[in-house]
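# Coordinate analysis (summary)
This is what each chain is made of:
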Amino acid sequence: MSRFFATGSDSESEESSSADEITPKAPGATFKQSLLLSDDEEDTKRVVRSAKDKRFEELTNLIKTIRNAMKIRDMSKCLEEFEQLCRAFLKSKNIVDKEGVPPFYIRLLADLEDYLNQLWEDKEGKKKMNKNNAKALSTLRQKIRKYNRDFESEIAAYKEVKSKTKSSCLFSMHCMNLWGGVNLGLIRSDESSSSDEDDDDDDDEDWGSDQSGSSGETSDKEEGKTSSMSMLFLKNLFNTLFVFLILSLFVFSPIATIQEKPKMFAKGTEINTAVVVKKLNEILQARGKKGTDRAAQIELFHALAAIAAENNLGQGILVKIKFNIIASLYDYNPNLAAFMKPDMWKKCLDCIDELLDILFEHNNIFIGENIAEDSENLAVSDQPFRVRGCILTLVERMDEEFTKIMQNTDPHSQEYVDNLKDEGRVCGIVDRLLTYMENKGSTEEICRVYLRRIMHTYYKFDYKAHRRSLGLQGETKSEQDQEESEGEDSAVIMDRLCKFIYAKDRTDRIRTCAILCHIYHHALHSRWYQARDLMLMSHLQDNIQHADPPVQILYNRTMVQLGICAFRQGMIKDAHNALLDIQSSGRAKELLGQGLLMRNMQERNAEQEKIEKRRQVPFHMHINLELLECVYLVSAMLLEIPYMAAHEFDARRRMISKQFHHQLRVGERQPLLGPPESMREHVVAASKAMKMGDWRTCHSFIINEKMNSKVWDLFPEAQRVREMLVRKIQEESLRTYLFTYSSVYDSISMATLSEMFELEMPTVHSIISKMIINEELMASLDQPTQTVVMHRTEPTSLQNMALQLAEKLGNLVENNERVFDLKQGVYGGYFNRDQKSYQQKQSGYQRGGYRNQNQGNY
Amino acid sequence: MIFQLVIVFPEGKCVIATGGLTISSISTSKVTQVVLKIIKHYQEEGQGSEVVQGVLLGLVVDDRLEITNCFPFPQHTEDDADFDEVQYQMEMMRSLRHVNIDHLHVGWYQSTYYGSFVSRALLDSQFSYQHAIEESVVLIYDPIKTAQGSLSLKAYRLTPKLMEICKEKDFTPEGLKKANIGFEQMFEEVPIVIKNSHLINVLMWELEDKSTVADKHELLNLSSSNHLEKSLQLLMDRVDDMSQDIVKYNTYSRNLSKQQQQKHQYLQRRQQENAQRQSRGEPPLPEEDISKLFKPPQPPPRMDTLLIAGQINNYCQNVKEFTSQNLGKLFMAEALQGHN
């Protein structure tokens, strides 16, 4: 019986339990005669029962225990009880023959079979079962199969009705209403004909409107004033009535009763706001409970919304229901990792759109999460509606769901593209919410919705604005022209939204995100100075390590974008510095939230992995890692190669970029050097050419068909970047050439150099001058002849070597002295300890002195 | 051209401790082509830093060791791993004997690269030679110096002291300390006299007169940096090795002293406890094996350090020699220039 109310709310099930208590004792109203006859049978209890009642009571009791056992999955118990039930059923054979198979019996058989099949399918659950249970399950399954063959037709009929009722809730609801009424009428006529007192007529009416338990009780009490005999009699009558009602309902639409009863409004009930709200709360109470059918709940809400709309209950209630629908849509997935199914997602978007429609149309609806439940004003009245709920949270949640969907779709499938098309709708909703909030929301809410908007804008390259800035709009068609002039530049939007947040936001996080997005957007559109200044002014670099991982990922993305932007602008050093942190760790993929590294698999457990997966950036927002690496390596090459040439003999020279050196070494280790294939090999080959000052080869390695398609064409202004790159290669090659071969020249004409590197004379002049000023090149410029005259001040390689040797010997002496110190220490006794440490100090000083001297000598 | 090589043991220095056998001194007039054969061997097979080796044959006459012939070891290749070297030597010597040439094994020769020959391998093989044949020497041929115009050929023997240490295989710091050996006393150089037959000498004189290319340009070559650079490079490498060894030794001795301290403390505690127990009339604690409780750290072998030191010394000698020569040349050149 309890399953009967499984989908109902709490109050309903309480009711049902009270009904359970009553049912077993209930004598059939139609068996008045036998009831009267068997009056003396159980005199002591003064409870009168027919044979049928007795049998049926036995059966229902057994059924109850079986259902309980089903609930706790106790298969052995189930089996036991089922066997008893079969026996009891056989006993009551003659009654059944007379009456037909009782519907509740059929119901149990059908349900039990379904349940067993379901258990049988559930492989995992079966595994978890203990041995006894599993054994019982298989036996029981076989038994019930065999047994049910006898009742095939009945079960089929039952199932048909069940499926029918499921398909149309509304219809069945009305059915229920109707049938409830009909039954009542029937019973009443029955009653009036057979019973002496018609006192309980009122009660009967109450039955229909779901108030049975309490009102029944009260009626009982009232009756209690009369004689106990009559009271019992009446009670019996009353119970009979109830059972009959239920049985009749079973026959016609057994499952409909189960599903629809909780929210059905009795016929004649005036559907007003209060009733609907009550219903709503009832449904809501089942939320989050185990065994609640979430899909059904959503259906219920929809039905309720339809009823509310039908009865013109006003927008307030509709808004409230919509809130709940959306919330339960979000609730549909039990855990955070799962993502919405496409139809759910569509429904969710539709619902939010509708909700926003209502909100826009009706200006007098106030919503807010701080409106208390009891101060809500849902009824149609002069006062504006007040509804509890937060549209912003819902939209934010929707946005997150969208991200989740994108995260969980294969980025190389058509499905992804299809899903991505929804981005426009999401943006539209965010935009609508934004306009709504600008009118109604508080500053904080505006900040939040602005951030959402920013998050949807910052990573997109604004092609319109780009084209416009290039002055190409004249060439495009007129429609496009219109389109272009319509939309605001994303830069303007970003600027407006971000500045609002900078000014108004109180939570640090939103501001941080906004700044980062702003920088990203600037960088993406090659506004290098703005981006850099914003980054420096925000001082984010100092405290970003305290932020939460998603913000850190955003920061990393921003830094990378900044570096790439610097590269495009020809700020090689800045580009290198910006990318160094990300690239040197070798975990760029992880740091940018674009994938998990395999090698960490052992270190993290499943839980952590889930968390990390949730942080991943959707594919359409990814930064091309190859582009990133190429930009990094090329800028490292442009910095490192001249540096290496300049400090060839320096024993203490530092590496600018470890990763670049690593790549070089990998290239050197190759036994056979074929033509470069990958991007890295190209850069390595180019570096080697540059080392020799051969800019033409270097150029051909860096810029060619392959590299163009792999890397350079990904930039919006590919041609400009390429030109910049060639120029840089020429300049740096010139520097490298001078560093490497200056020792061979006594003097070199600048004209020759300019010819060699295809640079203009003034450029060559300025580069050489700069090198001379920085004391990198020991030379002077001879103005009249336009030549560079080398000064021989650089130590020769032999001298360098001697210096290195001297240094090494210094180390050796130091080490040796340490051995000596230790020897002294060993022989020093307890009393000499102070003295000893003093000595050590002294020798330390001496050593230091020696070292200083050494360095002075160099 | 045929040289005769005579290696002279300085008198009194060649007392071999084990047998008490004394080789006093020199001389034979047998003609050999040892030097030329060695040079040819290197030219043909050795390049760069590769080393060629071979066997010296000769005999002891009075207190001299006369080396009258030699043959090279065949070059090792990967394919003939099962090649039996000893077998080859025996075969070779037998064949020589058939043609009536000196066939007594008296040592071996090896080429070197910028004077880097003081190594463990050399030590080991020379030890085994000297152990088996008392009068064995190792001839070190320096092709680079030779190419510069002056034949560089040196003969070395292990000192009796080193022989003893090698026999005992005790290379711990203590062992070496007890033996009181430094890198200077590891090898002794034996003076070499190269002798030709008189006929050859006559031929030489004649040739010298006739020869048109008698200019010895190599000797006057002023460019020195290449050779020096190489030497410095090698020297630096050895210095690095030395540093590492010293660091190793340092850690070792630190560990040792720490452990000694612990041991001392432990013993003291033990003693105190025993004294207490005695006063209480209980039997003293049983003796435990202290060396088991405190395993002394593995001492680093010091032989390598000695060898490195020897090698460094060698390099330094080389550089010194080279630079003094070059300085002379430079001054000479300067003077010449001034004169002109």
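Not measured: the values here are computed from a predicted model.

Helices and strands together make up the secondary structure of chain A, namely 41 helices and five strands. The burial tally for chain A puts 46% of its 858 residues in the buried class. Accessible surface, chain A as shown: approximately 44700 Å² in total, 52% of it carbon and sulfur.

Broken down by element type, chain B carries 11 helices and eight strands. The buried share of chain B, reckoned over its 340 residues, is 39%. Long-range contacts, defined here as pairs at least 24 residues apart, represent 76% of the contacts in chain B between residues at least 6 apart. Accessible surface computed for chain B: about 20100 Å², of which carbon and sulfur atoms make up 54%.

Attention now goes to unusual backbone geometry. Residue and element names in this part refer to chain A. For H539, which is not a glycine, the phi torsion comes out positive at approximately 55 degrees. Along the chain, H539 falls in the loop between α26 (528–538) and α27 (540–543). Given a relative accessible area of 48%, H539 falls into the partly exposed group. Positive phi outside glycine occurs at E775, with the angle close to 60 degrees. Mapped onto the secondary structure, E775 falls in the loop between α39 (761–773) and β4 (779–782). Relative accessible area serves as the criterion here: at 60%, E775 is assigned to the exposed category.

In this section: the sheet that holds strand β5 (residues 787–790) of chain A. Residues and elements named next belong to chain A. Read across the open sheet, the three strands follow the order β3-β5-β4; overall the sheet is antiparallel. With one partner strand each, in any of the chains shown, β3 (747–749) and β4 form the two edges of the open sheet. Within this sheet the neighbouring strands show an average axis-to-axis angle of 20 degrees, counted without direction. Here β3 runs beside β5; their pairing, made up of three bridges, is antiparallel. Its bridge partner lying in β5, S749 is registered against T787. The strands that helix α38 (residues 750–757) touches are β3, β4 and β5; relative to β3, the one it contacts most, it runs at about 60 degrees.

Listed by partner, the interface residues are 17 residues for chain A and 19 residues for chain B. Summing both sides of the interface, chain A and chain B together bury roughly 1600 Å²; the carbon and sulfur share of this comes to 73%. Counting the surface chain A buries against chain B, the share from its top three residues, A:L798, A:M801 and A:L822, is 33%. Remark: the boundary between chain A and chain B carries one salt bridge. B:D240 serves as the salt-bridge partner of A:K808, at 3.2 Å between the closest nitrogen and oxygen. Seen at the junction of chain A and chain B, the total is one residue pair in polar contact (both at pLDDT 80 or more). The dominant element in the side of chain A that touches chain B, judged by the number of residues it contributes, is helix α40 (residues 797–827) of chain A, at 16 residues. By residue class, the composition of the side of chain A that touches chain B is nine nonpolar, four polar and four charged.

Residue and element names in this part refer to chain B. Of all five residues that make up strand β5 (residues 137–141), five are buried, and the element is covered over most of its length. Burial of the side chains of β5 extends over both faces: V137, L139 and Y141 are buried on one face and V138 and I140 on the other. Judged from the five bridges that link them, strand β4 (residues 105–111) and β5 form a sheet pairing that is parallel. Pairing of S111 across the sheet is with Y141, part of β5. The parallel pair β4 and β5, bridged by helix α3 (residues 120–132), forms a crossover whose chirality is right-handed. Bridge count for β5 against strand β6 (residues 153–158) is four bridges, and the pairing is antiparallel. The residue of β6 that forms the bridge with Y141 is L153.

Bringing empty space enclosed by the protein into the picture now. Residues and elements named next belong to chain B. Under the criterion given, the structure shown has four cavities of 30 Å³ or more. Counted as a void, the largest cavity has a volume near 100 Å³. Every residue along the wall of the largest cavity is listed here: T112, G115, F117, I140, D142, K145, S152, K154, Y156, N314 and N318. When contributions to the lining of the largest cavity are tallied by element, the ones reaching two or more residues are β6 and α11 (303–339). Classifying every residue of the lining of the largest cavity gives three nonpolar, five polar and three charged.

Residue and element names in this part refer to chain A. With 154 residues, the main nonpolar core has I391, F567, M637, I702 and W712 as its most contacted residues. Per-element tally for this core: the top contributor is helix α32 (residues 625–646), with 14 residues. For this core, the two domains that each supply at least three residues are domain 2 (270–390) and domain 3 (624–790). Discounting chain neighbours no more than four positions away, the residues touching I391 are F323, L355, L356, L359, I367, L433, Y436 and M437. A69, L85, I106 and L137 belong to the second-largest nonpolar core, a separate cluster that totals 35 residues.

Residues and elements named next belong to chain A. Here the second largest pocket defines a volume of roughly 1000 Å³. What lines the second largest pocket is a set of 34 residues, among which E400, T403, R452, M455 and P550 lie closest to the centre. Counting residues per element, the ones that place at least two in the lining of the second largest pocket are α19 (391–407), α21 (443–457), α25 (508–524), α28 (549–568) and α31 (606–615). It is α19 that contributes the most residues to the lining of the second largest pocket, nine residues altogether. Grouping the constituent residues of the lining of the second largest pocket by class yields 17 nonpolar, five polar and 12 charged.

So, on to the packing of aromatic side chains. Per the counting criterion, the structure on display carries 19 aromatic pairs over all chains. With a centroid separation of 5.7 Å and an interplanar angle of 65 degrees, the aromatic rings of A:Y737 and A:F757 are classed as edge-to-face. With A:Y737 in helix α37 (residues 718–741) and A:F757 in helix α38, this pair connects stretches of sequence that are 20 residues apart. The same class applies to A:Y737 and to A:F757, which are both buried. Judged by centre distance (6.2 Å) and plane angle (70 degrees), the ring pair of B:Y42 and B:Y141 falls under edge-to-face. Taken together, the residues B:Y42 in helix α1 (residues 34–45) and B:Y141 in strand β5 connect sequence positions 99 residues apart.

This next bit is on the environment of A:R509. All names here are of chain A. As for its position among the elements, R509 is in helix α25. Expressed as a C-alpha distance, the spacing of R509 and D548, which sit 39 residues apart in the sequence, is 9.1 Å. Sequence-distant contacts of R509, that is, excluding residues within four places in its chain, are made with D548, P550 and V551. A distance of 3.0 Å separates a polar atom in the side chain of R509 from a polar atom in the side chain of D548.

Residues and elements named next belong to chain B. Residue position: L285 is located in the loop between α9 (225–280) and α10 (290–293). It is 8.2 Å that separates the C-alpha atoms of L285 and E273, two residues lying 12 residues apart in sequence. If we skip the residues at most four places from it in the chain, L285 touches R270, E273, N274 and R277.

A separate point is a nonpolar patch on the surface. On the surface, B:L327, B:L330 and B:F331 cluster together to form a nonpolar patch covering roughly 310 Å² of accessible area. You can see B:L330 is positioned in helix α11.

With that settled, the discussion passes to the state of the cysteines. Residues and elements named next belong to chain A. Inspection of the entire model under this criterion finds zero disulfides over all chains. Summary of cysteine pairing: C498 is not part of a disulfide, and the nearest cysteine sulfur, belonging to C517, is at 7.0 Å. Residue class for C498 comes out buried when judged on its relative accessible area of 0%.

Another aspect to go through is the pattern of salt bridges. All names here are of chain A. In this structure the tally under the stated criterion is 37 salt bridges over all chains. Its salt-bridge partner being R509, residue D548 comes within 3.0 Å of it at the nearest N-O pair. Taken together, the positions of D548 in the loop between α27 and α28 and R509 in helix α25 put the pair 39 residues apart, joining distant regions of the chain. With a shortest N-O distance of 3.2 Å, E732 and R735 are connected by a salt bridge.

Parameters at a glance
- Residues numbered from 1 in each chain as written.
- Chains lettered and ligands numbered in written order.
- Predicted model: local features only at pLDDT ≥ 70, side-chain atom pairs only at ≥ 80, totals over all residues.
- Heavy atoms only, no water.
- Helix = DSSP H or I, 4+ residues; strand = E, 2+ residues; numbered from the N terminus.
- Buried < 20%, exposed > 50% of the residue type's maximum accessible area, 1.4 Å probe, protein only.
- Areas by Shrake-Rupley, 256 points an atom, 1.4 Å probe, with all protein chains shown as cover.
- Contact = heavy atoms within 4.5 Å.
- Pairing = 2+ DSSP bridges.
- Axes fitted to C-alpha atoms, helices over the stretch in contact; angles between N-to-C directions.
- Buried area = accessible area lost by both parts, 1.4 Å probe.
- Salt bridge = Lys/Arg side-chain N within 4 Å of Asp/Glu carboxyl O.
- Polar contact = N/O pair within 3.5 Å; in protein donor to acceptor, adjacent residues only side chain to side chain.
- Nonpolar A, V, L, I, M, F, W, Y, C, P; charged D, E, K, R; others polar.
- Right-handed = clockwise from strand over helix to strand, strands pointing away.
- 1 Å grid on protein atoms, 1.4 Å probe; cavity = no way out; pocket = protein on both sides within 12 Å on 5 of 7 lines; lining within 4 Å.
- Points joined across faces, edges and corners; volume = space filled by probe spheres on them.
- Core = buried A, V, L, I, M, F, W, Y, C linked by side-chain atoms within 4.5 Å.
- Domains from an automatic or database assignment.
- Phe/Tyr/Trp six-rings, centres within 6.5 Å; stacked < 30°, edge-to-face > 60°.
- Patch = residues over 30% accessible without salt bridge, like charges linked within 9 Å, V, L, I, M, F, W, Y side chains within 5 Å.
- Disulfide = S-S within 2.5 Å.

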